[in-house]
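So you can see what is in the structure, the chains are spelled out below.
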Amino acid sequence: MSRLVIKFGGTSVGSADAITQAARIATDLHRAGHEVVVVTSAMSGVTDLLLSAAQAAAGAQLGRFLELATAIRTKHTDAIASLFTDDHERTSITSAIDQRLGDLQRLAEALAVLGEASPRAMDAIASLGERLSIHLLAGAIRAQGIGSAPVDAADIVRTDAEFQSAVPDADETRRLSQARVVPMLTAGTVPVITGFVGSTAAGVVTTLGRGGSDYSAAILGAALDADEVWIYTDVDGVLTADPRVVTDARTLEQVSYLEMSELAYFGAKVLHPKTTLPAIERGIPLRIKNTFNPGHPGTLVVATVEAPAGADQLQLRGVTSISRQSLVTIAGRGMLGVPGIAARAFGAVARTGTSVPMISQSSSEQSICFVVPESAEARVLDELRKGFEHELVRRDIERIFATPGVVVVTVVGAAILTTPGIAGRIFTAVGEGSINVLAIAMGSSECSISLVVDGAHAQDAVRRIHGLI
Ligand code: ADP
Ligand code: ASP
Ligand code: MG
């Protein structure tokens with residue numbers, strides 16, 4: 001018997017049929033003798049609806065708010081109507097849903113009075129999606145004859161107060177979650193826990209950031225000493241590329257934690273980039289599986305990947321991209337050899353609260369370039385120009401400028417550093433498409449190479465590189 005934390009994403013609980021399927025997976029594993037802990041996302045689309053509703057409320061657009069709140073309610077009540085025939089279940093789950101929708105209403109009224117939505121208020125509202133879906137999934141598991149109860153992670157996942165990307169406190173989370181969840185497992189009950197959600201020591205609700213339910217699953221897997229954490233989504237595991245871009249992308253049987261971190265960090269939406277952290281710390285294997293094709297083995301993420309039969313397979317694992325980025329360049333002859341320029345540049349960027357996915361410095365051309373999200377470009381340029389006012393006046397720095405509309409394309413594979421000629425093959429593939437590479441960087445973990453290309457050529461670049469994998 002093993003202890004499994006299984007997480008269902010938004011599509012996996014996006015409709016009554018999907019919820020029934022997710023519940024079947026959980027009950028099958030339970031009946032096979034495993035201790036099953038379920039973590040769930042909100043129903044697909046609900047977090048977006050909630051965030052739009054919060055904005056509408058803060059902007060005093062009452063009509064729009066009501067429209068969104070009704071859409072959220074209908075999505076859940078429709079699912080309840082098809083999931084539950086038992087009157088008692090139907091009434092009690094509907095009343096749990098109504099309580100949460102009452103919270104939404106009250107929070108919205110407060111936002112309307114304030115005229116703005118703080119990150120703290122946004123978290124209180126965004127968290128409601130998961131705090132609704134747990135009731136449906138726990139009910140669906142009970143409907144299949146296994147005891148199950150919803151658990152609000154605000155009671156068991158302790159975080160700091162960094163709203164919208166809260167950082168968990170592993171020790172407190174371990175203490176709280178063991179106290180609450182282990183007795184449930186001992187009693188044969190399947191806990192259904194909200195992903196994405198946590199709370200501060202003072203009990204204020206936080207969220208772990210968009211897509212953070214994967215991270216929740218790994219945090220709880222570590223806290224509860226799970227044998228494995230399984231992430232159920234809507235594709236057959238981690239693929240060699242985003243299947244929406246590359247139609248012949250293939251499932252990877254195994255990837256290392258490091259490769260998975262790089263793939264996720266550089267845009268593979270299939271897993272939240274922080275998910276590997278708790279798993280690495282405790283050496284817990286992660287599996288990515290398809291809710292709608294549960295017989296498929298999916299992808300196993302472990303510390304070291306066994307050598308596959310075809311050795312060439314090891315060289316490159318996957319290609320990813322992050323779009324709507326802007327390439328910022330600081331250029332000038334007077335920068336050559338001057339210490340501290342990079343530190344000041346990134347200090348300025350940090351003051352805008354922007355994270356930088358990629359940096360590239362070229363000493364011969366005396367420039368530093370790095371990528372920021374397009375949405376942060378104006379703020380970053382402004383802060384840099386303020387920070388380097390003197391250097392600009394003295395012409396030590398000649399220009400600080402940005403190229404918007406670029407995409408960071410990243411190739412990942414542990415053998416990148418050790419296999420001669422890989423970079424050459426990548427650049428040849430891209431060059432054959434006459435695609436201009438604006439900047440290059442080797443990942444710090446040394447298992448990735450990133451290229452910045454113009455947005456118009458990004459999909460072509462991804463497909464050409466995928467041809468090498
Ligand atoms: P969930 O709601 O289950 O968390 P997400 O939508 O967050 O699911 O992530 C799954 C999606 O990630 C897939 O449907 C796929 O379109 C996308 N995706 C992007 N890159 C990859 C990749 N390399 N492998 C698998 N899926 C990917
Ligand atoms: N519901 C949250 C989101 O949409 C978290 C998640 O699904 O992982 O971002
Ligand atoms: Mg996701």
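Residues numbered from 1 in each chain as written. Chains lettered and ligands numbered in written order. Predicted model: local features only at pLDDT ≥ 70, side-chain atom pairs only at ≥ 80, totals over all residues. Heavy atoms only, no water.

1. Comments concerning the site of ligand 2
Surrounding ligand 2, one finds Ser41, Thr47, Glu130, Phe196, Arg210, Gly211, Gly212 and Ser213. In this structure, an oxygen atom belonging to ligand 2 sits 3.4 Å away from a main-chain N or O atom of Gly212. Note that an oxygen atom of ligand 2 is positioned 3.0 Å from one of the backbone N or O atoms of Ser213. Here ligand 2, which alone exposes 260 Å², has 86% of that area covered by the protein. When grouped by side-chain class, the residues that make up the shell around ligand 2 number one nonpolar, five polar and two charged. (Near = heavy atom within 4 Å. Polar contact = N/O pair within 3.5 Å; in protein donor to acceptor, adjacent residues only side chain to side chain. Areas by Shrake-Rupley, 256 points an atom, 1.4 Å probe, with all protein chains shown as cover. Nonpolar A, V, L, I, M, F, W, Y, C, P; charged D, E, K, R; others polar.)

2. A few points about the pattern of salt bridges
A full pass over the atoms with the stated rule returns 24 salt bridges. A salt bridge links Arg3 to Glu35, with the shortest nitrogen-to-oxygen separation between them at 2.7 Å. Taken as a pair, Arg3 in strand β1 (residues 3–8) and Glu35 in strand β2 (residues 35–40) lie far apart in primary sequence, 32 residues in all. Close ionic contact of Asp152 with Arg100 constitutes a salt bridge, the shortest N to O distance being 3.6 Å. Of this pair, Asp152 sits in the loop between β3 (148–151) and α7 (170–186) while Arg100 sits in helix α4 (residues 87–114), and the two are 52 residues apart along the sequence. Its relative accessible area of 12% is what places Asp152 among the buried residues. Each member of the salt-bridge network shares a partner with another, and the members are Arg100, Asp103, Arg106, Arg131 and Asp152. (Salt bridge = Lys/Arg side-chain N within 4 Å of Asp/Glu carboxyl O. Helix = DSSP H or I, 4+ residues; strand = E, 2+ residues; numbered from the N terminus. Buried < 20%, exposed > 50% of the residue type's maximum accessible area, 1.4 Å probe, protein only.)

3. What to know about the site of ligand 1
Not every one of the 16 residues close to ligand 1 is listed here, only the nearest: Gly10, Thr233, Asp234, Leu239 and Lys269. Interatomic distance of 3.0 Å between a backbone N/O atom of Gly10 and an oxygen atom of ligand 1. Across the complex, the protein chains shield 89% of the 570 Å² of accessible surface that ligand 1 would expose by itself. Tallied by class, the residues present in the shell around ligand 1 amount to seven nonpolar, four polar and five charged.

4. Details of the sheet that holds strand β7 (residues 228–233)
Spatial strand order, β3-β4-β2-β1-β7-β9-β10-β8: eight strands in an open sheet with mixed pairing. Looking at the sheet topology across the chains shown, the edges are occupied by β3 and β8 (254–256). Between one strand axis and the next, the sheet turns through 20° on average, direction left out of account. In this structure, β1 lies alongside β2, joined through six bridges in parallel fashion. Looking at the pairing, Phe8 lines up with Thr40 of β2. Strand contacts of helix α1 (residues 16–31): β1, β2, β4 (190–194) and β7, with the helix running at about 175° to β1, the strand carrying the most contacts. Sheet strands touched by helix α6 (residues 128–143): β1, β2, β3 and β4. Its angle to β3, the strand with the most contacts, is close to 175°. (Pairing = 2+ DSSP bridges. Axes fitted to C-alpha atoms, helices over the stretch in contact; angles between N-to-C directions. Contact = heavy atoms within 4.5 Å.)

5. Quick notes on the packing of α7 against helix α8 (residues 213–223)
Interhelical geometry of α7 versus α8 gives an angle of 80° and a closest axis separation of 9 Å. Relative to α8, the element α7 lies roughly perpendicular. Residues Thr173, Arg174, Ser177 and Gln178 of α7 touch α8, and the partners they reach there are Ile219, Leu220, Ala222 and Ala223. The residue makeup of the contact of α7 with α8, split by class, is four nonpolar, three polar and one charged. (Parallel < 35°, antiparallel > 145°, perpendicular 65-115°, else oblique.)

6. Considering the packing of aromatic side chains
Under the criterion given, the structure shown has four aromatic pairs. Grouping aromatic residues by their ring pairs yields a cluster made of Phe8, Trp230 and Tyr232. Residue placement shows Lys289 over the ring face of Trp230; its charged tip is 5.6 Å from the ring centre. (Phe/Tyr/Trp six-rings, centres within 6.5 Å; stacked < 30°, edge-to-face > 60°. Lys NZ or Arg CZ within 6 Å of the ring centre and 35° of its normal.)

That is the geometry; function is a separate question.
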